[in-house]
Amino acid sequence: MAEITAALVMELRAKSGVGMMDCKKALLENDGDISASIDWLRAKGLSKAAKKADRVAAEGLVAVASREDGKGEIGAAIEFNSETDFVARNELFQNAAKAFAQLGLEHHTVEALHGAELEAGKSVQDEVTSMIATIGENMQLRRAARLSVDEGVVASYVHNAVAPGLGRIGVLVALHGAGDKDKLRELGRKIAMHVAATAPLSLNTDDLDPAAIEKERTVLTEKAKEEGKPEAMIAKIVEGQINKFQKDVVLTKQPFVMNPDVTIEQLVTEAGKELGAPGLHLAGFVRLALGEGVEKVEGPDFAAEVASMTGGNA
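My aim in this report is to walk through the structure given alongside it, one point at a time. All values reported here derive from a predicted model rather than from experimental measurement.

## Quick look at the nonpolar core
In terms of nonpolar packing, the biggest core is built from 26 residues, with I78, F80, F93, F100, V124, M139 and L141 touching the most fellow members. Of all elements in the fold, only β1 (59-69), β2 (72-82), α4 (85-88), α5 (91-104), α6 (110-115), α7 (124-135) and β5 (139-149) reach the threshold of two or more residues within this core. The element that contributes the greatest number of residues to this core is α5, accounting for six residues. Dropping the residues within four chain positions of it, I78 is found in contact with L61, V62, A63, A97, F100, A101, L113, L141, R143, A144 and L288. The next biggest cluster of nonpolar side chains, apart from the first, holds 24 residues, and it includes L175, L184, L282 and F285.

And the structure:
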């Protein structure tokens, strides 16, 4: 049996939003496993925040950039982290984020971007190291993504923008097909705003991670049992909930936030007809939210309260 320390209880509390005693019980039931404890809390109907357990805040900026490429376009998004929001408001930091996003148009991975040449003899990683020494705060170019289409547009949207192309959430949407580029870009921007709001997990149903579906199925099955649903009905109930889950998290199946009467898939199909581009389709999307998956526990100090529950083990 793993030792259930005060630190472990506080970590689960920060991730789930559930009270200390329930967090401790969940950890005891799951041998200290945080991920399993979150699923256990969800199955018990206790954790409203568990679905967002990995979305812990961190500071810095997300930057986006794009350019035309023949009949098509290329778009890039990067996440550049800092320890404080104060540094993220620094002009030096913001200019670096913009420069990294521009380089991202040519480099497909964050590893390649680290080694990219920013100026003669100086790589992106060299620049980050220099900035750390100058500003005195840890920084990290953490993520990079790139989309391209050989015909069409890669539209972008930045939420909570602090400057053009810089903010806390950056979205790219690739629309492949013929048609007026300005109108395509307007459509793509609206879909990008939708993506920023709904945080879909995949473009199409077939792209959805099977592990994510099975994890949801397990949680829903346990929840149905906890609620006392008839054993013979549980599989049917869960299957219906899985279908709803897929519609909730698959971009093309989601109701468009600006007009819930149509799905994103229907929106694009109708736009294709209006633009005389029947083959118009969504080719991909990227959503980078600042601090997504970064551990940064903040808030009141519950150490004394937890210590009394765990026998003083911190």
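On we go from here.
## Overview of the sheet that holds strand β8 (residues 169-176)
The three strands lie next to each other as β6-β8-β11, forming an open sheet whose pairing is antiparallel. Two strands in the sheet have a free side with no partner beyond their single neighbour: β6 (152-159) and β11 (281-289). Across the sheet, the mean angle separating the axes of adjacent strands is 15° when strand polarity is ignored. Relative to β8, β6 is paired through eight bridges, and the arrangement is antiparallel. Of the residues in β8, the one forming a bridge with V154 is A174. Strands in contact with helix α8 (residues 181-198) are β6, β8 and β11; relative to β6, the strand with the most contacts, it is inclined by about 40°.

## Details of the packing of aromatic side chains
One pass over the structure, following the stated rule, counts two aromatic pairs. Between F80 and F100 the ring centres are 5.2 Å apart and the planes differ by 75°, which places this aromatic pair in the edge-to-face class. A residue pair is termed long-range when its members are at least 10 positions apart, and F80 in strand β2 and F100 in helix α5 qualify at 20 residues. For the pair formed by F80 and F100, the shared burial category is buried. Here the aromatic residues F80, F93 and F100 are joined through ring pairs into a cluster of three or more.

## A word on the pairing of strand β10 (residues 259-263)
With two bridges connecting them, strand β9 (residues 255-256) and β10 associate as antiparallel partners. By the bridge assignment, P255 is partnered in β10 with T263. Between the antiparallel neighbours β9 and β10 lie two residues.

## Description of the sheet that holds strand β7 (residues 166-167)
Spatial ordering of the open sheet is given by β5-β2-β1-β7, a layout of four strands whose pairing is antiparallel. The outermost strands of the open sheet, each flanked by one partner alone, are β5 and β7. The pairing of β1 with β7 spans two bridges and is antiparallel. The partner of V62 across the bridge, within β7, is G167. Across the sheet, α7 lies against β2 and β5, angled at about 145° from β5, the strand it touches most.

## Structural notes on helix α9 (residues 210-226)
Taking 1.5 Å of rise per residue, the 17 residues of α9 would be expected to cover 24 Å, and the 24 Å separating its terminal C-alpha atoms lies within 8% of that figure. Turning to α9, its buried residues are I213, E216, V219, L220, T221 and A224. The backbone nitrogen of A211 has a side-chain oxygen 3.0 Å away, supplied by the residue at the start of α9, namely D209.

## A short note on α7
Taking 1.5 Å of rise per residue, 12 residues should cover 16 Å, and α7 covers 16 Å from first to last C-alpha, within 8% of that figure. Along α7, the residues classified as buried are V124, E127, V128 and M131. Buried residues of α7, seen end-on, are gathered within an arc of 100° and therefore sit on one face of the element. As for α7, its buried residues are in contact with β2, α5, α6, β3 (117-119), β4 (122-123) and β5.

## Description of the side chain of E137
With respect to the helices, strands and loops of the structure, E137 is situated in the loop between α7 and β5. Note on E137: relative accessible area 11%, which makes it buried. A polar side-chain atom of E137 sits 2.7 Å from the main-chain amide nitrogen of E83. Among the polar contacts made by the side chain of E137, one reaches the main-chain amide nitrogen of T84 at a distance of 2.6 Å. With near-sequence residues (within four places) excluded, E137 lies in contact with S82, E83, T84, V87 and I132.

## A look at unusual backbone geometry
Of note in this structure, D31 is not a glycine but carries a positive phi near 55°. The exposure class assigned to D31 is partly exposed, which follows from its relative accessible area of 43%. Within the chain, A199 stands out as a residue other than glycine whose phi angle is a positive 50°. Locating A199 in the fold gives a position in the loop between α8 and α9.

## Thoughts on the packing of α9 against helix α10 (residues 231-249)
At a closest axis distance of 9 Å, the pairing of α9 and α10 adopts a crossing angle of 135°. As the angle between them shows, α9 and α10 are arranged oblique. Here α9 runs over α10; the crossing is right-handed. Touching A212, I213, E216, R217, L220, T221, A224 and K225 of α9 are E231, I234, V238, E239, Q241, I242, F245 and Q246, all from α10.

Rules used in this analysis
Residues numbered from 1 in each chain as written. Predicted model: local features only at pLDDT ≥ 70, side-chain atom pairs only at ≥ 80, totals over all residues. Heavy atoms only, no water. Core = buried A, V, L, I, M, F, W, Y, C linked by side-chain atoms within 4.5 Å. Buried < 20%, exposed > 50% of the residue type's maximum accessible area, 1.4 Å probe, protein only. Helix = DSSP H or I, 4+ residues; strand = E, 2+ residues; numbered from the N terminus. Contact = heavy atoms within 4.5 Å. Pairing = 2+ DSSP bridges. Axes fitted to C-alpha atoms, helices over the stretch in contact; angles between N-to-C directions. Phe/Tyr/Trp six-rings, centres within 6.5 Å; stacked < 30°, edge-to-face > 60°. Expected span 1.5 Å × (residues − 1). Polar contact = N/O pair within 3.5 Å; in protein donor to acceptor, adjacent residues only side chain to side chain. Arc of directions from axis to C-beta. Parallel < 35°, antiparallel > 145°, perpendicular 65-115°, else oblique. Left-handed = near helix turned anticlockwise from the far one by under 90°.

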